[in-house]
Amino acid sequence: MSNLVIPLYNARELGRKIAIKSDKQLAEVEVRKFPDREIYFRVDSEVKGNDIFLVQSGYPGPNHSIMEVLLAADSCKDFGAKSITLVMSYLPYARQDERFKEGEAFSLQTISRLFQNAGITKLITVDAHNRHDYTESDLFGLKHLNISAGKIIVEHIMEKHKLKNVFILSPDFGASNMVKEAATAKGAEFGALSKVRKGDFEVEMEGELDVKGKNVIILDDIISTGSTMILAMQKVKKAGAAKIFCAATHGIFGWDSLEKLRKKSDGVISTDSIVNDAESITLANEISKVI
Ligand code: R5P
């Protein structure tokens, strides 16, 4: 076998599923923390000459997750891996994808450089923040393929709830490509609101919605504090929607947002990009198709 999937801590289950789906060998790894919280990493499978697929998620603990990737990739490079692909279902540090103010860190560029220095030759992500096309591109010198989970999320909700007359809503322009792709694939109507973030927990939204009597799926890349979804839901309710579902690829669900969203909607759905308590759809099939 010349393909080895190495599951890292936040993606232990997803990594296992990807290995099964893609018919690759699943590596034995030991990952633990020293008492001072430094990470110990060891791979107990043959790396030499193999194409390596590291699988990780950037939440929880974005910093630890990145450090674990670097330790794993650099070790695989030393042990003679043929190639190292990183599957980072949720890519942290993607929000700072340019220098918005003088003196700021350009986090996404830094992350890309760190990955390349550690020997990673390709990065695969799912609905990475602000990446709007789903073909292979160049991320500051690193080959990058971003895929979308929009279609499988929408498919899951529509089938489970036997929904007709569906409208997919992007709560901001950032998610509108993802929404357009998913809606087009499923033959649903779609639209977007315009959002301005005023603070970590405060957003404002504008836009007209023609959703009276329609079943609305609000679809975003991330649910973090839930502020975006809660406000979008208020707008959709006011506009007379029938059922309302909140969905995102990456469910961080900080604070008590999951509970709040559950109370106010007909369902909250995310994927196993991040392990959480919401209803979850696995990304294993979609990822397996591209590795
Ligand atoms: C930002 O532009 C993203 O697409 C999400 O809308 C955002 O991360 C959601 O964050 P929150 O749940 O904190 O409103």
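Before reading further, recall that the structure is shown in the block above.
Bear in mind that the values here come from a model prediction, so they are computed numbers and not experimental data.

Caption draft 1: Region of the structure containing the sheet that holds strand S10 (residues 166-170). Strand order across the open sheet formed by 6 strands is S11-S10-S14-S15-S16-S17, with parallel pairing between neighbours. On the outer flanks of this sheet lie strand S11 (189-192) and strand S17 (279-281), each paired with one strand and no other. Each neighbouring strand pair of the sheet contributes to a mean axis angle of 25°, computed without reference to strand direction. The pairing of strand S16 (residues 268-271) with S17 spans 3 bridges and is classified as parallel. The partner of Ile269 across the bridge, within S17, is Glu279. Across the face of the sheet, helix H5 (residues 176-186) comes into contact with S10, S11, strand S14 (215-223) and strand S15 (244-251) while running at roughly 175° to S11.

Caption draft 2: The arrangement of the nonpolar core in detail. If you look at the biggest cluster of nonpolar residues, it comprises 35 residues, and the most contacted ones within it are Leu14, Ile153, Ile157, Ile168, Ile217, Leu219 and Ile287. When residues in this core are grouped by element, the largest group, 5 residues, is from helix H4 (residues 150-160). Once residues lying within four places of it in the same chain are set aside, the contact partners of Ile157 are Lys162, Leu163, Ile217, Phe245, Ala247 and Ile269. Of all hydrophobic cores here, the second largest spans 30 residues; its members include Leu8, Phe41, Ile84 and Leu142.

Caption draft 3: Molecular detail of the pairing of strand S7 (residues 122-126). Among the 5 residues in S7, 5 count as buried, and that is most of the element. Here S7 shows a buried face lined by Lys122, Ile124 and Val126 and a second buried face lined by Leu123 and Thr125. Pairing geometry for strand S6 (residues 83-88) and S7, over 4 bridges, is parallel. Opposite Thr85, over in S7, you have Lys122 as the bridge partner. The handedness of the S6 to S7 crossover, carried by helix H3 (residues 107-117), is right-handed.

Each value, and the rule that gives it
Residues numbered from 1 in each chain as written. Predicted model: local features only at pLDDT ≥ 70, side-chain atom pairs only at ≥ 80, totals over all residues. Heavy atoms only, no water. Pairing = 2+ DSSP bridges. Helix = DSSP H or I, 4+ residues; strand = E, 2+ residues; numbered from the N terminus. Axes fitted to C-alpha atoms, helices over the stretch in contact; angles between N-to-C directions. Contact = heavy atoms within 4.5 Å. Core = buried A, V, L, I, M, F, W, Y, C linked by side-chain atoms within 4.5 Å. Buried < 20%, exposed > 50% of the residue type's maximum accessible area, 1.4 Å probe, protein only. Right-handed = clockwise from strand over helix to strand, strands pointing away.

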